[in-house]
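Fold and contact review
Listed here are the chains, written in short residue letters.
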Amino acid sequence: MLPLHAPVLLEAARPAVAPPAAAAGLTTADARRRLLETGPNVLATAARESLLRMALRQFQSITVLVLAGAAGVSAFSADYLEAAAIGAVVLLNAAIGFALEWQARASMDALHALDVPQARALRDGHPRQVPAADLVPGDVLLLEGGDVVPADADLLDAHQLQVNESALTGESLPASKAPGPAAPGALLAEQRQRVFKGTAVVDGNGRAVVVATGMRTELGRITQLVQATKRPPTPLETKLDALARQLLLLTGALTLGYVLLVWAQGQQPLMQVVKTGIVLAVAAIPEGLAIVATLALAAGTLRMARQRVLVKRLPAVETLGSTSVIVTDKTGTLTQNHIAAHTVWLAEGCTEVQARDLALSATADAPGVFAGPGFAHLQLLAALCNNATYHPTDPSRTTGDPLEIALWQLAGATLSNAETAAPRLAEQAFSSDTRLMGTVHQLAVGRCLVAVKGAAEAVLPHCRYQWSAAGERQLLSAEGRAAWVARAEGLAGRGLRTLAFASAEWPEHPGPDFVRELDWVGLVAFLDPPRLEVAPALAACRAAGIRVIIATGDHPATARTVALQVGLLNPNDKAEVVTGDELPDLLRHPNGAGRRRLHQAQIFARMSPAQKLDLIAYYQQHGHIVGMTGDGVNDAPALRRADIGIAMGQRGTQVAAEAADLVLQDDAFGSIVVAIAQGRVILANIRTFLSYLISCNLSEVLIVTIVALLHPIVPLWPLQILFLNLLTDVFPALALALGPGADHLMQRPPRSPKKPLLGAADWRRAALYAAALTVGGVGAFGSARWGLGLPADVCNNVLFYSMALAQLLHVFNFAADRRTLLRSEVTRNPYVWGALALCGAAMLVSYLVPALRAVLGIVPLPATAIGLIAGGGLLPVLLIQAGRWLHGAARPPKTARPHRFS
């Protein structure tokens with residue numbers, strides 16, 4: 001059963017502390033006493049594992065233990081070079097694992113970076129700079145624009161206070177804060193009377209009494225979640241361990257069978273049989289497995305780095321290839337994390353805004369909206385009734401409320417000097433009571449303009465007239481008012497933030513009460529716009545059979561609107577939105593209708609960090625490999641819990657980046673598709689080189705066993721087997737691991753995480769390939785010994801070199817398409833040709849260099865022996881290719897579909 005967490009509520013973790021009787025704050029003595037009771041206002045760190053324990057844990061992998069055992073066997077048989085080589089592989093993998101775990105500690109350090117070193121608070125009735133770590137419940141904070149809130153606090157008073165809480169809540173817009181009572185059971189995003197540790201004050205000022213510090217804050221609760229969340233082992237790590245167990249059993253059985261059969265024959269000394277058996281055991285274990293897998297992942301990492309995708313954990317590359325569900329945040333991931341005008345509704349009609357380089361264009365449904373006089377007048381009002389500082393050529397100098405900046409962008413660069421041309425004479429500031437803002441401007445001598453913006457229901461009562469499509473004043477009827485209210489409510493129902501605009505002209509300054517006798521102009525609705533690359537990226541995910549789900553702390557209607565814009569939902573889709581309030585009950589009773597809702601829902605809104613953890617755990621329990629994308633502090637626990645955590649590097653928080661496995665340095669959702677494709681290529685390559693290694697090593701055991709049973713001489717000397725195994729275990733396998741991959745991988749559904757790296761069909765194929773290689777080797781040896789009557793040492797060399805040639809040419813049997821041997825991804829792989837050239841040169845050196853010939857027992861070979869070597873090397877390739885053609889062309893690629901829920 002899933003661990004269910006309560007929603008993140010205002011009252012969930014601690015009781016509210018009542019403000020002090022006086023607003024003078026605490027005395028120094030009271031603060032000191034409370035600090036002893038509550039402890040410092042810092043985030044606690046989890047007890048860290050010692051470096052020695054971390055280092056020793058790297059050797060607990062089954063693969064590493066098998067390789068360590070192989071090194072011991074080699075050392076026991078006095079083959080110290082082989083032992084040293086295998087030992088180096090073991091130490092290299094342990095060092096890589098140690099380095100990767102060392103960086104994981106940076107996640108908690110990033111959380112600590114959000115702590116504010118200094119804070120302004122009232123102490124002894126006077127404003128003072130106080131170390132943030134010394135704040136205690138009851139302290140009165142003094143907040144203003146640019147501050148980072150040092151503790152959770154309830155507001156005593158506020159003036160136009162705006163706080164950016166997107167890192168905690170997922171809300172794109174800054175939250176307006178004002179004093180008031182706490183709403184029982186309200187979610188964090190709905191707490192307007194409270195400010196939270198680690199959030200940023202965008203505008204305004206206020207005073208607030210501290211109610212929680214340190215680990216009792218909302219940020220502290222997220223810290224606890226990150227500390228308690230264990231990163232699951234990657235599918236590759238789990239499957240490699242399972243494969244190592246299978247290889248260990250297979251190796252033991254084959255080696256024991258060889259020793260018993262040859263010893264029972266009684267034609268070789270027992271010690272020689274045992275030594276050869278030990279060498280076969282070492283040969284049967286693919287020593288290159290761990291290092292080739294590591295290098296394959298590292299190569300994929302480098303390719304992804306060129307696409308601006310930073311990989312922090314090597315196995316995470318392969319995990320992406322198996323991902324069947326992506327749980328994505330909305331704000332900053334699917335959207336640009338800034339507000340822009342989305343819809344304009346005037347008397348001429350309603351249309352969406354498409355702004356590129358401040359050049360506006362209209363959609364086809366209302367092409368005349370932007371060309372009419374109403375929009376030009378709206379642009380003027382947007383520029384005049386505005387307190388933001390706008391620099392169209394230098395965005396870094398643009399400051400102010402995000403909504404007002406969006407209005408400047410709607411107005412365009414041509415109106416950037418509007419305030420100079422029409423100087424402001426008066427202003428009525430926005431307040432929570434009036435819910436509107438108004439300004440008076442001198443257009444010319446004897447001509448004043450009143451510009452008003454605000455909530456539709458606040459502006460309409462002050463309007464008597466409205467602008468017509470022709471730019472003329474018309475009386476605003478009751479039916480017209482009701483229609484505009486309905487339009488505003490409809491836009492709000494789609495999750496859009498709406499502002500109404502009105503104006504009036506007077507021959508002179510209308511006086512202090514100038515918000516009257518207004519002409520209604522229209523509505524502007526705002527939305528955090530989607531990223532341009534998201535829609536094609538989501539289409540690519542669908543083609544690859546990957547299900548994408550939005551989990552956000554934002555409003556359900558806003559999340560649905562974004563999902564429609566990026567193509568995650570169709571306009572006629574009836575897909576439900578599950579809220580954080582509903583999720584615990586659905587997870588507690590995941591059957592019947594609740595199960596259907598969880599399986600069909602693509603949007604989860606008003607989600608707390610703990611609920612995102614529960615959602616990810618639910619999908620994992622149903623057999624999915626889950627990727628999580630996010631950029632906020634509230635995403636960090638889920639990024640760590642997911643099988644693959646993906647953070648945004650540019651706009652994302654440092655905490656999210658440190659908790660993730662991958663960081664998108666360009667913040668492009670489309671880079672996820674590139675990473676998934678690379679993950680699938682790597683997974684396919686790993687399976688390919690595993691089949692290659694196993695078939696080659698199995699053939700070595702079979703050939704040596706069969707020849708030893710047929711002939712009393714030793715078929716291959718131990719050093720020959722070790723030399724052969726080192727060549728074919730590393731270089732050709734590495735070349736296959738670095739290949740470009742087949743073209744159809746992103747048109748297939750993700751590989752089920754329940755499947756092992758090599759299934760029954762893969763093992764059968766490896767056995768058949770090993771049989772073909774065995775036929776070539778035994779055939780070459782038999783022809784040399786019994787067909788041509790060549791000496792025993794020449795027969796030994798024929799077998800040695802024919803096996804080497806057959807295994808090198810064996811790489812061409814691993815083309816994905818059986819019909820295109822000569823034009824496959826294998827023949828297009830330059831590493832394959834490089835590996836063949838290198839190994840061919842090594843075999844040539846072994847024949848030409850006297851010292852190496854003496855060590856390996858190589859003798860001069862007649863032309864007939866060289867012919868047998870060529871035939872024994874080519875025969876397995878011809879047999880395997882003939883078998884593939886007999887079974888017909890490759891099956892057509894599977895049609896991708898979303899991974900089904902179990």
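These lines cover the structure that appears in this document, whether it is placed above or below. (Residues numbered from 1 in each chain as written. Predicted model: local features only at pLDDT ≥ 70, side-chain atom pairs only at ≥ 80, totals over all residues. Heavy atoms only, no water.)

Per the secondary structure count, the protein includes 30 helices and 26 strands. For the protein, the proportion of its 902 residues judged to be buried stands at 55%. Of all intrachain contacts in the protein linking residues separated by at least 6 positions in sequence, the fraction that spans at least 24 positions is 73%. Surface exposure of the protein reaches about 36,500 Å², of which carbon and sulfur atoms provide 61%. (Helix = DSSP H or I, 4+ residues; strand = E, 2+ residues; numbered from the N terminus. Buried < 20%, exposed > 50% of the residue type's maximum accessible area, 1.4 Å probe, protein only. Contact = heavy atoms within 4.5 Å. Areas by Shrake-Rupley, 256 points an atom, 1.4 Å probe, with all protein chains shown as cover.)

Contact pair helix α26 (residues 760–787) / helix α27 (residues 792–809): the axes reach a minimum separation of 9 Å and the direction vectors enclose 155°. Judged by the inter-axis angle, α26 sits roughly antiparallel to α27. Read as a crossing pair, α26 and α27 show a hand that is right-handed. Contact residues: L773, G777, A780, F781, A784 and R785 in α26; A792, C795, N796, V798, L799, S802, A806 and Q807 in α27. Its residues assigned to classes, the contact of α26 with α27 shows nine nonpolar, four polar and one charged. (Axes fitted to C-alpha atoms, helices over the stretch in contact; angles between N-to-C directions. Parallel < 35°, antiparallel > 145°, perpendicular 65-115°, else oblique. Left-handed = near helix turned anticlockwise from the far one by under 90°. Nonpolar A, V, L, I, M, F, W, Y, C, P; charged D, E, K, R; others polar.)

We note that R308 has phi near 65°; this positive angle belongs to a residue other than glycine. Secondary-structure assignment places R308 in the loop between α10 (288–306) and β8 (309–311). Residue classification places R308 among the partly exposed positions, given a relative accessible area of 40%.

Right, let's talk about a nonpolar patch on the surface for a bit. Where nonpolar side chains cluster on the molecular surface, the patch consists of L256, L260, W263 and L270 and spans about 410 Å² of accessible area. No other element matches the three residues that helix α8 (residues 235–265) contributes to the nonpolar patch. Its place among the elements puts L260 in helix α8. The exposure class assigned to L260 is partly exposed, which follows from its relative accessible area of 46%. (Patch = residues over 30% accessible without salt bridge, like charges linked within 9 Å, V, L, I, M, F, W, Y side chains within 5 Å. Salt bridge = Lys/Arg side-chain N within 4 Å of Asp/Glu carboxyl O.)

Once that is clear, we can look at the pattern of salt bridges. Taken as a whole, this structure holds 18 salt bridges when the rule is applied. In this structure, D157 engages R207 in a salt bridge whose closest nitrogen and oxygen atoms are separated by 2.7 Å. With D157 in strand β4 (residues 152–164) and R207 in strand β7 (residues 200–212), the pair connects residues that are 50 residues apart, well separated along the chain. Exposure remark for D157: the relative accessible area of 29% places this residue in the partly exposed category. Linking R424 and E427 is a salt bridge whose minimum nitrogen-to-oxygen distance equals 2.9 Å. In this structure E427 comes out as partly exposed when scored by relative accessible area, which is 38%. Here the salt bridges share partners, and the residues they tie into one network are D30, R33 and E37.

What the rule picks out here adds up to nine aromatic pairs. Here the aromatic rings of F781 and W786 are separated by 6.0 Å at their centres, their planes lie at 80°, and the arrangement is edge-to-face. Pairing F812 with W833 gives two aromatic rings, centres 5.4 Å apart and planes at 50°, and the pair type is tilted. Taken together, the residues F812 in the loop between α27 and α28 (830–848) and W833 in helix α28 connect sequence positions 21 residues apart. (Phe/Tyr/Trp six-rings, centres within 6.5 Å; stacked < 30°, edge-to-face > 60°.)

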